[in-house]
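Structural description and commentary
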Amino acid sequence: MSVTFVHEGNSIDYTPSADVAAGEVVVQGDLIGVAKTPIAADKLGALAVTGVFDFPKAAGGGTAITAGTTVYWDEADEEAKADSETGDNKLIGKVVQDAADADTTVRARLSQ
């Protein structure tokens, strides 16, 4: 059996059961995607699965994340973290710009 090329894979089709806002992180198993535009419930849309995005992160002492660090999406807290929490958090990718303790976002490249 042979494999058939479909597309470059920068985005994937997604049909949500509820409305998805632009910028919302969508978790499907171990796959993280970001809605670049709003997607209405029960309508076909697309999720970015590659690219560089600013993800929310906690601010405060000890929350800095340096460039090159692997980061994970904590679905319950809706923020990026440098800890997979024993696999509960899903891989986002690598941080591409240092985020200080006071920063509320971290810039990361999706890579799954």
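Read on for an overview of the structure. Remember, it's a predicted structure, so these values are computed and weren't measured experimentally.

With respect to topology, four strands assemble into an open sheet ordered 1-4-3-2, the strand pairing being antiparallel. One side of each edge strand has no neighbouring strand; the edge strands of this open sheet are strand 1 (11-14) and strand 2 (25-28). Strand-to-strand twist in this sheet, taken as the mean axis angle between neighbours without regard to direction, amounts to 45 degrees. Judged from the four bridges that link them, strand 1 and strand 4 (residues 45-48) form a sheet pairing that is antiparallel. The residue of strand 4 that forms the bridge with Ile12 is Leu47.

With that settled, the discussion passes to unusual backbone geometry. With a phi close to 65 degrees, Asp42 is a non-glycine residue in the positive phi region. Here Asp42 shows up in the loop between strand 3 (31-35) and strand 4. Note on Asp42: relative accessible area 58%, which makes it exposed.

This part covers the sheet that holds strand 8 (residues 90-97). Strands sit in the order 5-9-8-6-7 across an open sheet of five strands; the sheet is antiparallel. A single partner strand is all that each edge strand has here, and the edge strands are strand 5 (51-56) and strand 7 (79-81). Each strand of the sheet is rotated relative to its neighbour by a mean of 45 degrees, with strand direction disregarded. Relative to strand 7, strand 6 (residues 70-74) runs antiparallel, the two being bridged by three bridges. Residue pairing in the sheet places Trp73 in a bridge with Ala80 of strand 7.

Relative to the elements of secondary structure, Lys81 occurs in strand 7. For the pair Lys81 and Ile32, spaced 49 residues apart in sequence, the C-alpha separation works out to 14 Å. Apart from the residues within four sequence positions on either side, Lys81 is in contact with Thr70, Val71, Tyr72, Asp74 and Asn89. Within the structure, the side chain of Lys81 is placed 2.7 Å from the side chain of Asp74, a separation counted as a polar contact. Engagement of the side chain of Lys81 in a polar contact is seen with the side chain of Asp77, the distance being 2.6 Å.

What follows deals with the packing of aromatic side chains. A full pass over the atoms with the stated rule returns two aromatic pairs. A centroid spacing of 6.3 Å and a plane angle of 65 degrees characterise the contact between Phe53 and Phe55, whose relative ring orientation is edge-to-face. Taking the relative accessible area as the measure of exposure, Phe55 reaches 2% and is therefore buried. Centre to centre, the rings of Phe55 and Trp73 are 6.0 Å apart; their planes meet at 55 degrees, and the pair counts as tilted.

The subject of this paragraph is the layout of surface pockets. By volume, the largest pocket is sized at about 240 Å³. Lining the largest pocket are 14 residues, with Gly23, Glu24, Val25, Val26 and Trp73 sitting closest to its centre. For the lining of the largest pocket, the secondary-structure elements that each account for two or more residues are strand 2 and strand 5. Element by element, the count of residues in the lining of the largest pocket is highest for strand 5, at four residues. Across the lining of the largest pocket, the residue classes tally to nine nonpolar, one polar and four charged.

Thresholds applied
- Residues numbered from 1 in each chain as written.
- Predicted model: local features only at pLDDT ≥ 70, side-chain atom pairs only at ≥ 80, totals over all residues.
- Heavy atoms only, no water.
- Pairing = 2+ DSSP bridges.
- Helix = DSSP H or I, 4+ residues; strand = E, 2+ residues; numbered from the N terminus.
- Axes fitted to C-alpha atoms, helices over the stretch in contact; angles between N-to-C directions.
- Buried < 20%, exposed > 50% of the residue type's maximum accessible area, 1.4 Å probe, protein only.
- Contact = heavy atoms within 4.5 Å.
- Polar contact = N/O pair within 3.5 Å; in protein donor to acceptor, adjacent residues only side chain to side chain.
- Phe/Tyr/Trp six-rings, centres within 6.5 Å; stacked < 30°, edge-to-face > 60°.
- 1 Å grid on protein atoms, 1.4 Å probe; cavity = no way out; pocket = protein on both sides within 12 Å on 5 of 7 lines; lining within 4 Å.
- Points joined across faces, edges and corners; volume = space filled by probe spheres on them.
- Nonpolar A, V, L, I, M, F, W, Y, C, P; charged D, E, K, R; others polar.

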